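Descriptive analysis of the structure
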Amino acid sequence: MSVRHDWVVREGGTTTSWFDVRLTFTDGARVEALAVLSGDGVRIEDVRARPPLSLDDLAVLADWLETPLFEACVRDSPGAAPATPRRARPEWPRGREGCRLAAQEYRAAREQGADPVLAVMRVTGHSRRKSLRLIGQARDEGFLTPRRARR
């Protein structure tokens, strides 16, 4: 289920917003709808489905779309409180504490025989390059043994 805010028209004191709603089922069926939010409420303007919806399915379409569409409309409606930002990756402490936690995860993965870089990537949510940089910083801080003996 995805709801995407397409466009907004402001005229005078009224605002009208259009939302593109896509619903995909596990069997490959999909439903696409165009919803309009105006001062009167939310309306469904257009519905396209592959395979076509039966009358029973059309009757429950509103139930399928209600919660995600409501959340998108409330979040994007004018005068609504700003939504709290959602992060794609978990919070990770910076500096010495972050290096220490990365080193712990690195050592735990090595003991289990798993890929330690992937373990750090999974925990931090960073790319491979940033995770390798974090592991290098943990080595520099002394939390991990040096990679090569220096001459």
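The following refers to the structure shown. (Residues numbered from 1 in each chain as written. Predicted model: local features only at pLDDT ≥ 70, side-chain atom pairs only at ≥ 80, totals over all residues. Heavy atoms only, no water.)

When helices and strands are tallied, the protein chain shows 4 helices and 4 strands. Overall, the protein chain shows an N-to-C arrangement of helices and strands of β-β-β-β-α-α-α-α. In the protein chain, which comprises 151 residues, the proportion classed as buried is 25%. For the protein chain, contacts bridging at least 24 residues in sequence account for 31% of all contacts bridging at least 6. Total accessible area computed for the protein chain in this model is approximately 11200 Å², and 49% of it derives from carbon and sulfur atoms. (Helix = DSSP H or I, 4+ residues; strand = E, 2+ residues; numbered from the N terminus. Buried < 20%, exposed > 50% of the residue type's maximum accessible area, 1.4 Å probe, protein only. Contact = heavy atoms within 4.5 Å. Areas by Shrake-Rupley, 256 points an atom, 1.4 Å probe, with all protein chains shown as cover.)

Attention now moves to the packing of helix 2 (residues 95-112) against helix 4 (residues 128-141). Contact geometry for helix 2 and helix 4: axes closest at 9 Å, N-to-C directions at 105°. When the interaxial angle is binned, helix 2 and helix 4 end up roughly perpendicular. In this structure, helix 2 contributes R96, G98, C99, A102, A103 and Y106 to the contact, and helix 4 contributes L134, I135, Q137, A138, R139 and E141. For the contact of helix 2 with helix 4, the residue count by class is 7 nonpolar, 2 polar and 3 charged. (Axes fitted to C-alpha atoms, helices over the stretch in contact; angles between N-to-C directions. Parallel < 35°, antiparallel > 145°, perpendicular 65-115°, else oblique. Nonpolar A, V, L, I, M, F, W, Y, C, P; charged D, E, K, R; others polar.)

Moving on, we come to the pairing of strand 3 (residues 30-38). Direction of pairing for strand 2 (residues 14-24) relative to strand 3: antiparallel, over a ladder of 8 bridges. By the bridge assignment, R22 is partnered in strand 3 with E32. Adjacent in sequence and paired antiparallel, strand 2 and strand 3 are bridged by 5 residues, among which G28 carries a positive phi angle near 100°. Taking the residues between adjacent antiparallel strands as the criterion, strand 3 and strand 4 (residues 41-50) are bridged by 2 residues. (Pairing = 2+ DSSP bridges.)

This paragraph deals with the pairing of strand 2. Two elements, strand 1 (residues 2-11) and strand 2, share 9 bridges in a ladder whose sense is antiparallel. Looking across to strand 2, one finds that R4 is bridged to D20.

Let us look at the nonpolar core. Within the largest apolar cluster, 12 residues are counted, these being F19, V21, L23, V31, A33, A35, L37, A49, L61, L65, L69 and A72. For this core, the secondary-structure elements that each account for two or more residues are strand 2, strand 3 and helix 1 (55-76). In contact with L69, not counting residues within four places along its chain, are V3, F19, V21, A35, V42 and I44. Core analysis: the next-biggest nonpolar cluster, separate from the first, contains 11 residues, A103, Y106, V117 and L134 among them. (Core = buried A, V, L, I, M, F, W, Y, C linked by side-chain atoms within 4.5 Å.)

The subject of this paragraph is the packing of helix 2 against helix 3 (residues 116-124). Where helix 2 contacts helix 3, the axes come no closer than 8 Å and their chain directions differ by 135°. Taken as axis vectors, helix 2 and helix 3 run oblique relative to one another. In this structure, helix 2 meets helix 3 at a crossing whose hand is right-handed. In this structure, helix 2 contributes A102, E105, Y106, A109 and R110 to the contact, and helix 3 contributes P116, A119, V120 and V123. Of the residues assigned to the contact of helix 2 with helix 3, the class counts are 7 nonpolar, no polar and 2 charged. (Left-handed = near helix turned anticlockwise from the far one by under 90°.)

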